[in-house]
Amino acid sequence: MERYSVIKEKNPREIILLRGRGCAYKKCSFCDYHTDSSADCRENFNINRTVLERVSGEYKNIEIINSGSVFELDNETLRLIKRVCKEKGITTIHFESHYIYKDRIPRLRKDFDDFDLKIKLGIETFDYDFREKVLKKGIDEASPEIIAQGFDEANFLFGISGQTEAGMQRDIELGLKHFERICINIMCKNSTTVVPDTDVIEKFIKHLYPVYKDNNRVDILLSNTDFGVGD
């Protein structure tokens, strides 16, 4: 499992994959990332400390993910993140959070008020029926404006049967309207029953990828390890 990498192109930053106690929601039909977790907080911290020791502060900007939400990291890890970021002169920290934690985000921002905190939401799509009936995302809200409140960035998931070119483009444009940055993830085969649809992926790559690939506010991951972390 690779847990440290550097993104040198759009929005240059370090990126680290830490380990938490596991996703509290754990119902998304497409996701098996939550398997990278443990109830052993001490062991998680030991792993996370080793990863954080590799942080250089090169770009003053770091993205911290943990196969779930930032709120599932142990307190020692959170304290170490603050200390390392201070020592390395990092000014911007990106965290991820599920929508179920939206009411806890203001407190997190207060706890990290020495930094420019960016919170990324896994929205996957603004198509409410597809998101909740197929992806089972657990976001009981249809309004893009309301969903985006409290979040700065968003993940989208494309390449699944039932998605269309028009729908994917609508998601991208709404994402750019309501968030500072978006990240498009193309569905890759994993251990869940949701499988990539090659026709949908082909439409994205042929018609949408050329339009957005050079947009500095859009990251596109054709493989889930394109950022250099994971396995």
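Structure's up top.
In this report, the structure presented in the accompanying data block is examined. Keep in mind the model is a prediction, meaning the values are calculated, not measured.

### Regarding the layout of surface pockets
Once rolled over the atoms, a probe with the size of a water molecule shows which space is left empty. Of the voids in this model, the largest pocket is the one considered here, and its volume is about 1000 Å³. As for the largest pocket, its lining consists of 45 residues, and the residues nearest its centre are Cys31, Tyr33, Ser67, Glu96 and Asn155. Breaking the lining of the largest pocket down by element, the ones donating at least two residues are strand S2 (13-17), strand S3 (61-65), strand S4 (92-97), strand S5 (116-124), strand S6 (153-158) and strand S7 (181-186). A total of four residues in the lining of the largest pocket trace back to one element, the largest contributor, which is S5. Classifying every residue of the lining of the largest pocket gives 20 nonpolar, 14 polar and eleven charged.

### With respect to the state of the cysteines
Under the defined criterion, the tally for this structure stands at zero disulfides. We note that Cys85 lacks a disulfide partner, and the nearest cysteine sulfur, in Cys183, lies 20 Å from it. Free of any disulfide, Cys183 has its nearest neighbouring cysteine sulfur in Cys188, separated by 12 Å.

### Details of the pattern of salt bridges
As enumerated under the stated definition, the model contains 16 salt bridges in all. Here Glu63 and Lys120 are joined by a salt bridge, their closest N and O atoms 3.0 Å apart. With Glu63 in strand S3 and Lys120 in strand S5, the pair connects residues that are 57 residues apart, well separated along the chain. With a relative accessible area of 5%, Lys120 lands in the buried category. In this structure, Asp214 and Lys213 form a salt bridge, with 3.1 Å as the shortest nitrogen-oxygen distance. The partly exposed category is assigned to Lys213, whose relative accessible area is 34%. Ionic contacts of the salt-bridge type, sharing partners, join the residues Arg13, Glu63, Lys120, Arg181 and Asp219 into one network.

### Quick notes on the packing of helix H6 (residues 165-178) against helix H7 (residues 198-212)
Following both chains from N to C, one finds H6 and H7 inclined at 40 degrees, their axes separated by 10 Å at the closest point. By the criterion of interaxial angle, the relationship of H6 to H7 is oblique. Of the two elements, H6 crosses H7, and the hand of that crossing is right-handed. Between H6, through Glu165, Met168, Gln169, Ile172, Glu173 and Leu176, and H7, the contact on the second element is made entirely by Val200, Phe204, His207, Leu208 and Tyr212. Of the residues belonging to the contact of H6 with H7, the class tally is seven nonpolar, two polar and two charged.

The rules behind these values
- Residues numbered from 1 in each chain as written.
- Predicted model: local features only at pLDDT ≥ 70, side-chain atom pairs only at ≥ 80, totals over all residues.
- Heavy atoms only, no water.
- 1 Å grid on protein atoms, 1.4 Å probe; cavity = no way out; pocket = protein on both sides within 12 Å on 5 of 7 lines; lining within 4 Å.
- Points joined across faces, edges and corners; volume = space filled by probe spheres on them.
- Helix = DSSP H or I, 4+ residues; strand = E, 2+ residues; numbered from the N terminus.
- Nonpolar A, V, L, I, M, F, W, Y, C, P; charged D, E, K, R; others polar.
- Disulfide = S-S within 2.5 Å.
- Salt bridge = Lys/Arg side-chain N within 4 Å of Asp/Glu carboxyl O.
- Buried < 20%, exposed > 50% of the residue type's maximum accessible area, 1.4 Å probe, protein only.
- Axes fitted to C-alpha atoms, helices over the stretch in contact; angles between N-to-C directions.
- Parallel < 35°, antiparallel > 145°, perpendicular 65-115°, else oblique.
- Left-handed = near helix turned anticlockwise from the far one by under 90°.
- Contact = heavy atoms within 4.5 Å.

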